[in-house]
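Here's the letter readout for the chains.
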Amino acid sequence: MEILAHPNPALKQRAQDVEHFGDRELKSLVTTMARAMYDAPGVGLAATQVGVLKRVIVYDIDEGLVALCNPRIVESSGETEFFEEGCLSLPGIEVSVERAPSLTCEACDIDGSPVIIQAEGLLARVLQHELDHLDGVLIIDRATPEERRAAIRRYNEVVHTFG
Ligand code: NI
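To keep things clear, this report deals only with the structure shown in the data block. In this text the structure is predicted, and so the values were computed from the model without any measurement.

## Focus: unusual backbone geometry
Along the chain, His 6 connects to Pro 7 via a cis peptide bond; the corresponding omega equals 10 degrees. Residue position: Pro 7 is located in the segment before helix 1 (24-39). Each neighbour pair has its own omega, and for Ala 40 with Pro 41 the value is -10 degrees, a cis peptide bond. Along the chain, Pro 41 turns up in the loop between helix 1 and strand 1 (44-46). With a phi close to 65 degrees, Asp 62 is a non-glycine residue in the positive phi region. Here Asp 62 is to be found in the loop between strand 2 (56-59) and strand 3 (66-77). Positive phi outside glycine occurs at Asn 70, with the angle close to 50 degrees. Within the fold, Asn 70 resides in strand 3.

Right under this line is the structure:
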């Protein structure tokens, strides 16, 4: 399945909660998303990016595949940090994004069992990035107006160059 790229309007939509767990549809969505993420390759992907407006994310930070449904950040702590982030929906550019360095995320697995994740470093950043996607927020939306304009200019150049 193709990963949607900015400015596809689906990327601006808020995804809906998963209500039915453990069914074939959800498992097949997660399989599709994982394949798209590994093919890209990337470290995380939100369902929104394959055009499915459900609150599902997958990630693999070299510790195996994790799929989460209805993830929410219940606590974040530490002094926020800026770091360059890329996004599979904005190929070719990076934007400096301010994020919390550590957080607690509550979610469900694909069978509906509750999961609590204490995250810091890369994982904390990946979770915040993917949760943003579920709310229709991209890294360019996290930038200052000036940075956003520059990032979109670079992005349009990249898209123009590579077709
Ligand atoms: Ni992204």
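## Section: the nonpolar core
It is characteristic of soluble globular proteins that their nonpolar side chains tend to be buried jointly. With 17 residues, the main nonpolar core has Ile 57, Tyr 59, Leu 68, Ile 117, Ala 119, Leu 123 and Leu 127 as its most contacted residues. Counting residues per element, the ones that place at least two in this core are strand 2, strand 6 (102-108), strand 7 (114-120) and helix 2 (121-134). Among the elements that line this core, the one with the most residues is helix 2, at six residues. Setting aside residues up to four positions removed in sequence, Leu 127 forms contacts with Ile 57, Tyr 59, Leu 68, Leu 103, Cys 105, Ile 117 and Ala 119.

## Comments concerning the coordination of the nickel ion
Coordination sphere of the nickel ion, protein contribution only: Cys 87 (SG), His 129 (NE2) and His 133 (NE2), at 2.0 to 2.3 Å. Mapped onto the polypeptide sequence, the residues donating to the nickel ion form the spacing pattern C-x41-H-x3-H. Placement of the pair is Cys 87 in the loop between strand 4 (81-85) and strand 5 (95-99) and His 129 in helix 2, with a sequence separation of 42 residues. Given the relative accessible area of 8%, His 129 is considered buried.

## What to know about helix 1
The end-to-end C-alpha separation of helix 1 is 22 Å, in line with the 22 Å expected for 16 residues at 1.5 Å each. Taken together, the buried positions of helix 1 are Leu 26, Leu 29, Val 30, Met 33, Ala 34, Ala 36 and Met 37. Looking down the long axis of helix 1, one finds its buried residues gathered within 165 degrees of arc, a one-sided arrangement. Turned more than 90 degrees away from the buried face of helix 1, the exposed residues are Arg 24, Arg 35 and Asp 39. Tucked inside the fold, the buried residues of helix 1 contact strand 1, strand 2 and strand 3.

The rules behind each value
Residues numbered from 1 in each chain as written. Predicted model: local features only at pLDDT ≥ 70, side-chain atom pairs only at ≥ 80, totals over all residues. Heavy atoms only, no water. Helix = DSSP H or I, 4+ residues; strand = E, 2+ residues; numbered from the N terminus. Core = buried A, V, L, I, M, F, W, Y, C linked by side-chain atoms within 4.5 Å. Buried < 20%, exposed > 50% of the residue type's maximum accessible area, 1.4 Å probe, protein only. Contact = heavy atoms within 4.5 Å. Donors = N, O, S within 2.8 Å, 3.2 Å for Na, K, Ca; no water. Expected span 1.5 Å × (residues − 1). Arc of directions from axis to C-beta.

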